[in-house]
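Here is what each chain is made of, one letter per residue.
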Amino acid sequence: MIPAAFAYQRAKSVDEAARALGQTGDVKVLAGGQSLIPLMRLRLAQPTTIVDINPLASDLGYIRRDNGTLRVGALTRHFQIQQSDEVKRSLPLLAEIANEVGDEQVRSMGTIGGVLAHADPAGDYGTLALMLDATITTNRRSLAARDFFKGLFTTALASDELIVEISFPAVSGPHKYIKFRRRLYDWAVVAAGAQKMEDGGWRVGITNAAPTSVRASGVEQALASGASAADAAKRASQGLDPTSDLRGSAEYKRHLAEVLTQRALEGAQ
Ligand SMILES: Cc1cc2nc3c(=O)[nH]c(=O)nc-3n(C[C@H](O)[C@H](O)[C@H](O)COP(=O)(O)OP(=O)(O)OC[C@H]3O[C@@H](n4cnc5c(N)ncnc54)[C@H](O)[C@@H]3O)c2cc1C
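Predicted, not measured: the structure shown is a model, and the values here were computed from it.

A. Examining empty space enclosed by the protein more closely. Under the defined criterion, the tally for this structure stands at 1 cavity of 30 Å³ or more. Around the largest cavity, the lining residues are V115, L116, A119, D120, P121, G123, G126, F149, P211, T212 and S213. A domain-level breakdown of the lining of the largest cavity finds at least three residues from each of domain 2 (57-169) and domain 3 (188-267).

B. Highlighting the pairing of strand β10 (residues 163-169). Across the 7 residues of β10, 6 count as buried, placing the element largely inside the fold. Judged from the 5 bridges that link them, strand β5 (residues 69-73) and β10 form a sheet pairing that is antiparallel. Directly across from G73, in β10, lies its bridge partner E165. Pairing geometry for strand β6 (residues 135-138) and β10, over 4 bridges, is antiparallel. Within β10, the position partnered with T137 by the bridge is E165.

C. Quick peek at the environment of G61. Note that G61 resides in the loop between α3 (57-60) and β4 (63-66). In this structure G61 comes out as partly exposed when scored by relative accessible area, which is 28%. If near-sequence neighbours (up to four positions away) are discounted, G61 is found in contact with L56, L75 and T76.

Calculation notes
Residues numbered from 1 in each chain as written. Predicted model: local features only at pLDDT ≥ 70, side-chain atom pairs only at ≥ 80, totals over all residues. Heavy atoms only, no water. 1 Å grid on protein atoms, 1.4 Å probe; cavity = no way out; pocket = protein on both sides within 12 Å on 5 of 7 lines; lining within 4 Å. Points joined across faces, edges and corners; volume = space filled by probe spheres on them. Domains from an automatic or database assignment. Buried < 20%, exposed > 50% of the residue type's maximum accessible area, 1.4 Å probe, protein only. Helix = DSSP H or I, 4+ residues; strand = E, 2+ residues; numbered from the N terminus. Pairing = 2+ DSSP bridges. Contact = heavy atoms within 4.5 Å.

As structure tokens, then:
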């Protein structure tokens, strides 16, 4: 379908984009367009104005190591994260996850900021952001990932706020992200991630088994108390709230969360 009519503005700066977002009407940022444009074509989204931030690629598309922190600009595309030597050195789990996002076309255009702002529970980066206590910086403030995701497709972003950067702690120990999906390149039915930290503890997260990604604190605590991966993974379904749909029943998704968590922990390298 053809989207409903909308006004189009090319942003020349972050401030200008934020001012445009503050205009009356339903004003939306356009980043990679991989979620927004399909929604507009289905007329599930009918913004009155689109503010295109792609002209800000040199300001918002970057990957930098800053002491113990990996800083990623919001407009950094999935393929840039996937291929970045800095990401592979500083946070290889992020490169592994980028490698698993959609197909090549999606990875060529889609951005990390777009995934987080869209807040699809099947979005892969949200899980890592929660697991690692990432910081999401907007044009106004810095938010911990746990305060950013509010629910299904819902974040703490105000209508005139845009994400400018996501910063993760650099950590390169054993890690694994496993997506269970029906077809190659598909979204996760459920996914699980595991990362061993410098202090020897584990961080674990689950994708697409609740209205937002979930940090599997019960699993982390069990591992810290000396439980085996198999025993700790039995706690992976705690705090989940999966829905039954064409991809599987809620019960099946809880089972997947446990199985994938065990495999992520045992397969972490
Ligand atoms: C076929 C297909 C398969 C996919 N598979 C996966 C997958 O397996 N895993 C996965 O994680 N994703 C997947 N995606 C989604 C993809 O990663 C998109 O890139 C992502 O959801 C949105 O990013 P975008 O840059 O395209 O944002 P857009 O589509 O441009 O925007 C999405 C929303 O976020 C807002 N937004 C964008 N950037 C910002 C910003 N900086 N600040 C504030 N608001 C912003 C927009 O206003 C809009 O509301 C898939 C998409 C498709 C089409």
